[in-house]
Amino acid sequence: MTTSDPSRLGSLSYLIFSSRWLQLPLYLGLIIAQGIYVVQFLRELWHLVETTLFHNGIDASGGADSAEATIMLTVLGLIDVVMISNLLVMVIVGGYETFVSRLRLEGHPDQPEWLSHVNATVLKVKLAMAIIGISSIHLLATFIKARSMDGETIMWQILLHLTFVISAVALAYIDKLTQPGGKHAGAHST
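This one's a predicted model, so the numbers in the text were calculated from it and none came from an experiment.

(A) How the structure looks around the overall build of the chain. Tallying secondary structure elements over the chain gives six helices and zero strands in all. When the helices and strands of the chain are placed in sequence order, the string is α-α-α-α-α-α. Counting over 190 residues, the chain shows a buried share of 25%. A sequence separation of at least 24 residues applies to 63% of the contacts in the chain between residues at least 6 apart. Of the roughly 12800 Å² of accessible surface on the chain, 67% is carried by carbon and sulfur atoms.

Here's what the structure looks like:
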């Protein structure tokens, strides 16, 4: 018996179960957002090439930043776009697989390794780790520009980053507490 067989479910149960498809436009919207991030990446890459090759590393806006700092900040911007894009992929693929419908990728050579054991809890922990990575990139950019920023802004960015780290650790710990004892015991015995 399959749970998606409408003849086996009552009308209300089938309606409730089918409501998961209302999330489809949300995931399609995230795919469009992914495309926008590709455009943003190409813009920032062009800015890096233009600044490096045609302006000797000096930002065309006339900023007083050194060439090295300008290039480093642009590269950090590129990394930031890639990390946010990776976050989008995790949410799109993992969320769709977990909450809407199976993708049926078993045996496909490009199936992500993490997808075989994804669930809502694993997805939350992975997302928290990705957010920490993104926050780290922003914090590094802040440290590079520290001389031109006020101390209070830097302090709040550090506190926000630490909040993300503590939240991720708490999520991982809660996940560990809620797992059956045998699963973690077997993992540590090898």
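(B) A look at the packing of helix α2 (residues 24-54) against helix α3 (residues 67-99). Remark: α2 packs on α3, axes separated minimally by 9 Å, with the N-to-C direction vectors making an angle of 165 degrees. Of the possible angle classes, the one that applies to α2 and α3 is roughly antiparallel. At the point where α2 passes α3, the crossing takes the left-handed sense. Class assignment for the residues of the contact of α2 with α3 results in 21 nonpolar, ten polar and one charged.

(C) Spotlight on the packing of aromatic side chains. Summed over all chains, the structure comprises two aromatic pairs. Look at W21 and Y96: their rings are 6.3 Å apart centre to centre, the planes differ by 70 degrees, and that puts the pair in the edge-to-face class. Of this pair, W21 sits in the loop between α1 (11-18) and α2 while Y96 sits in helix α3, and the two are 75 residues apart along the sequence. Residue classification places W21 among the partly exposed residues on the basis of a relative accessible area of 35%. Consider the rings of Y27 and Y96, whose centres lie 6.1 Å apart with planes at 85 degrees: the pair is edge-to-face. Of this pair, Y27 sits in helix α2 while Y96 is found in helix α3, placing the two residues 69 residues apart along the sequence. Over the face of the ring belonging to F17 we find R20, whose NZ or CZ atom lies 4.0 Å from the ring centre.

(D) The arrangement of the nonpolar core in detail. Core analysis: the largest hydrophobic core is formed by nine residues, namely I84, L87, M90, W114, V118, L123, L127, A130 and I134. Counting residues per element, the ones that place at least two in this core are α3 and α4 (120-144). In terms of residue count, α4 provides more of this core than any other element does, four residues in total.

(E) Representation of the side chain of T74 in the model. Tracing the backbone shows T74 in helix α3. You can call T74 buried: its relative accessible area is 8%. Not counting chain neighbours up to four residues away, the residues in contact with T74 comprise E44, H47 and L48.

(F) Broad picture of the pattern of salt bridges. This model, assessed by the stated rule, comprises one salt bridge. In this structure, the salt-bridge partner of R102 is E97, at a minimum N-O distance of 3.3 Å. Taking the relative accessible area as the measure of exposure, R102 reaches 53% and is therefore exposed. For E97, a relative accessible area of 10% translates into the label buried.

(G) Seen up close, a nonpolar patch on the surface. A contiguous nonpolar surface patch, about 520 Å² in accessible area, is contributed by M155, W156, L159, L162 and I166. Topologically, W156 is positioned in helix α5 (residues 151-178).

Scoring rules and cut-offs
- Residues numbered from 1 in each chain as written.
- Predicted model: local features only at pLDDT ≥ 70, side-chain atom pairs only at ≥ 80, totals over all residues.
- Heavy atoms only, no water.
- Helix = DSSP H or I, 4+ residues; strand = E, 2+ residues; numbered from the N terminus.
- Buried < 20%, exposed > 50% of the residue type's maximum accessible area, 1.4 Å probe, protein only.
- Contact = heavy atoms within 4.5 Å.
- Areas by Shrake-Rupley, 256 points an atom, 1.4 Å probe, with all protein chains shown as cover.
- Axes fitted to C-alpha atoms, helices over the stretch in contact; angles between N-to-C directions.
- Parallel < 35°, antiparallel > 145°, perpendicular 65-115°, else oblique.
- Left-handed = near helix turned anticlockwise from the far one by under 90°.
- Nonpolar A, V, L, I, M, F, W, Y, C, P; charged D, E, K, R; others polar.
- Phe/Tyr/Trp six-rings, centres within 6.5 Å; stacked < 30°, edge-to-face > 60°.
- Lys NZ or Arg CZ within 6 Å of the ring centre and 35° of its normal.
- Core = buried A, V, L, I, M, F, W, Y, C linked by side-chain atoms within 4.5 Å.
- Salt bridge = Lys/Arg side-chain N within 4 Å of Asp/Glu carboxyl O.
- Patch = residues over 30% accessible without salt bridge, like charges linked within 9 Å, V, L, I, M, F, W, Y side chains within 5 Å.

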